[in-house]
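Inside the fold
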Amino acid sequence: MYGVEAAGEGIDSNKHAAAIGAGSEGVFHGMLTYVLQDTEGQIQTTHSISAGLDYPGVGPEHSFLKTLRRAKYFSATDAETVEAFCVLSKEEGIVPALESSHAIAFAIKLARQMKRNETIAVTLSGRGDKDVEVVADFMGVNI
Amino acid sequence: MSDLAKVFQRLKAQGDGALIGYVTGGDPKPEFTPMIAEALIKGGVDILELGIPFSDPIADGPTIQAASVRALEAGTTPQMVLGMGGEVKNKYSLPIVILTYFNPIFRMGVERFFRLAKSFGIDGIVVPDLPVEEAEAYCEAAESWGVDTVFLAAPSTSNERLNRIVECTSGFLYVVSHFGVTGAREALEDSTVQLIQRFLPCTTGRIPLAVGFGVSKPEHAKGIIASGADGVIVGSAFVNIVHKHQSNVEKMLEELELMAGRLKEATKRYM
């Protein structure tokens, strides 16, 4: 299994929300999980194009799956995510939520390394009609 | 017996309640804290509670949130606040309680945190976002280092759970007066008095009970002590003074001392 976090403007930009990829273990909002924090344990500010991922931690289930090595975690930038949003919308007529579009972005990359007869299942956790304006804004399109 | 327990015992013998004064360490800048502490002590606080500023102070209202922001912007670290507590303890030998959210402790390491706290002579720790159910390692470390663990009980705490909290608590029990966050309030609510009366049968003879959140005026303190509580915790009222007079230190210290004096008078039962 793979999980895909929000790399925002890039992991090195400090404008992202990749708590597993770039964070460390901490206790925040009542959870022991991966969080973005400084050396003193102060929680860091985050950025993601998807509001649902713009958070300095991850649900503890993900931390657990990572610790068990049951899932591997990667990230997708805002730009890759918007591109994936457009690909699925145009190719399949399915408008994915920006949160789920991160997974699509990774699936597109992953598919290139797989055989034609292998299968990928992607979880689309939500629909993207709520995100159309954000995407248009990102692409510089007036709607 | 810990220094915290001794203070409550001495005051109780006099028929008085304790005044616990809270300020955020490093607000507005680290160099202010020793002066602020001195003013509060001169005014009459019995126990000083220093807060470690945290980026996400979920139990605090706007007043203490803003204090945290000021302190963090001025570069305040958890180690610095423990050091400030130690400095005050050395100079005035009154009990020092540190309030911190759990993540700074977790980040430092529970064992290291308590070792450091003990080395500065810190008497007790309050962690608003640590429930007793998750506190086993924390309590073990605190006990081995001889630092009191002040847990919180709130209006939502059942009598059964209260008993469990009291079992884990040392120094004093921090009673959260109402649903919601910290911040000065206009009046003492009847529900706070009822809460104290609900908790007293479980705490009497086991642990002193101090009431905080919204306690900002002498009449609040008076009402709470009259209801049978052993102490009051006042934070936002002091932090408001710090904020209001941050550009006039003399005025700030004068007002803090005056406010502490009025509140202390109100905790005396003979009044």
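Residues numbered from 1 in each chain as written. Chains lettered and ligands numbered in written order. Predicted model: local features only at pLDDT ≥ 70, side-chain atom pairs only at ≥ 80, totals over all residues. Heavy atoms only, no water.

The name given to chain B in an unreviewed UniProt entry is Tryptophan synthase alpha chain, with miscellaneous Crenarchaeota group-1 archaeon SG8-32-3 as the source organism. Under the Pathway (unreviewed entry) heading, UniProt states for chain B: "Amino-acid biosynthesis; L-tryptophan biosynthesis; L-tryptophan from chorismate: step 5/5." UniProt, in the comment section headed Subunit (unreviewed entry), describes chain B in these words: "Tetramer of two alpha and two beta chains." (UniProt positions renumbered as here; feature names shortened; annotations may be inferred.)

What chain B contains, in helices and strands, is 12 helices and 9 strands. The globule rule puts the C-alpha radius of gyration for 271 residues at 18 Å, and the 17 Å found for chain B is close to it. C-alpha extents for chain B along the principal axes are approximately 45 × 40 × 30 Å. Among the 271 residues that make up chain B, the fraction classed as buried is 58%. Across chain B, the fraction of contacts at a sequence separation of at least 24, relative to all contacts at a separation of at least 6, is 73%. Accessible area of chain B: about 10,900 Å², with a carbon and sulfur share of 51%. Averaged over its 25 positive side-chain charges, chain B has a centre that lies 3 Å from the centre of its 32 negative ones. (Helix = DSSP H or I, 4+ residues; strand = E, 2+ residues; numbered from the N terminus. Rg over C-alpha atoms; globule rule 2.2 N^0.38 Å. Buried < 20%, exposed > 50% of the residue type's maximum accessible area, 1.4 Å probe, protein only. Contact = heavy atoms within 4.5 Å. Areas by Shrake-Rupley, 256 points an atom, 1.4 Å probe, with all protein chains shown as cover. Lys, Arg positive; Asp, Glu negative; His and termini not counted. Charge placed at Lys NZ, Arg CZ, Asp CG, Glu CD.)

Attention now goes to the interface of chain A and chain B. Many analyses report the size of an interface as the accessible area lost when the parts associate. Of the residues lining the interface, 14 residues belong to chain A; the matching set on chain B comes to 14 residues. Of the roughly 1,200 Å² buried between chain A and chain B, counting both surfaces, carbon and sulfur atoms make up 53%. Applying the counting criterion to the chain A and chain B interface returns 8 residue pairs in polar contact (both at pLDDT 80 or more). Broken down by element, the side of chain A that touches chain B gets its largest block of residues, 5 residues, from strand 2 (residues 24–28) of chain A. (Buried area = accessible area lost by both parts, 1.4 Å probe. Polar contact = N/O pair within 3.5 Å; in protein donor to acceptor, adjacent residues only side chain to side chain.)

A few words now on a nonpolar patch on the surface. Nonpolar side chains collect at one region of the surface, where Val 95, Val 132, Phe 138, Met 139, Val 141 and Ile 143 of chain A lie side by side and expose about 540 Å² of accessible area between them. Mapped onto the fold, Val 141 of chain A is located in the segment after helix 5 (132–139). (Patch = residues over 30% accessible without salt bridge, like charges linked within 9 Å, V, L, I, M, F, W, Y side chains within 5 Å. Salt bridge = Lys/Arg side-chain N within 4 Å of Asp/Glu carboxyl O.)

Residue and element names in this part refer to chain A. Two elements in contact, helix 3 (residues 78–92) and helix 4 (residues 98–111), have axes whose closest approach is 8 Å; the angle formed by their N-to-C orientations is 85 degrees. For the element pair helix 3 / helix 4, the angle class is roughly perpendicular. On helix 4, the residues touching Glu 80, Thr 81, Ala 84, Phe 85, Val 87 and Leu 88 of helix 3 are Leu 98, Ser 101, His 102, Ile 104, Ala 105, Ile 108 and Lys 109. (Axes fitted to C-alpha atoms, helices over the stretch in contact; angles between N-to-C directions. Parallel < 35°, antiparallel > 145°, perpendicular 65-115°, else oblique.)

The subject of this paragraph is the packing of aromatic side chains. Under the definition given, this model contains 11 aromatic pairs over all chains. Three or more aromatic residues link up through ring pairs in this structure, and these residues are Phe 113, Phe 114, Tyr 138 and Phe 151 of chain B. (Phe/Tyr/Trp six-rings, centres within 6.5 Å; stacked < 30°, edge-to-face > 60°.)

Residues and elements named next belong to chain B. Orientation of helix 10 (residues 218–226) relative to helix 12 (residues 249–266), taken along the N-to-C sense of each, is 25 degrees, at an axis distance of 8 Å. When the axes of helix 10 and helix 12 are compared, the pair comes out roughly parallel. The handedness of the crossing between helix 10 and helix 12 comes out as right-handed. In this structure, helix 10 contributes Pro 218, Ala 221 and Lys 222 to the contact, and helix 12 contributes Arg 262, Leu 263 and Ala 266. Partitioned by chemical class, the residues of the contact of helix 10 with helix 12 number 4 nonpolar, no polar and 2 charged. (Left-handed = near helix turned anticlockwise from the far one by under 90°. Nonpolar A, V, L, I, M, F, W, Y, C, P; charged D, E, K, R; others polar.)

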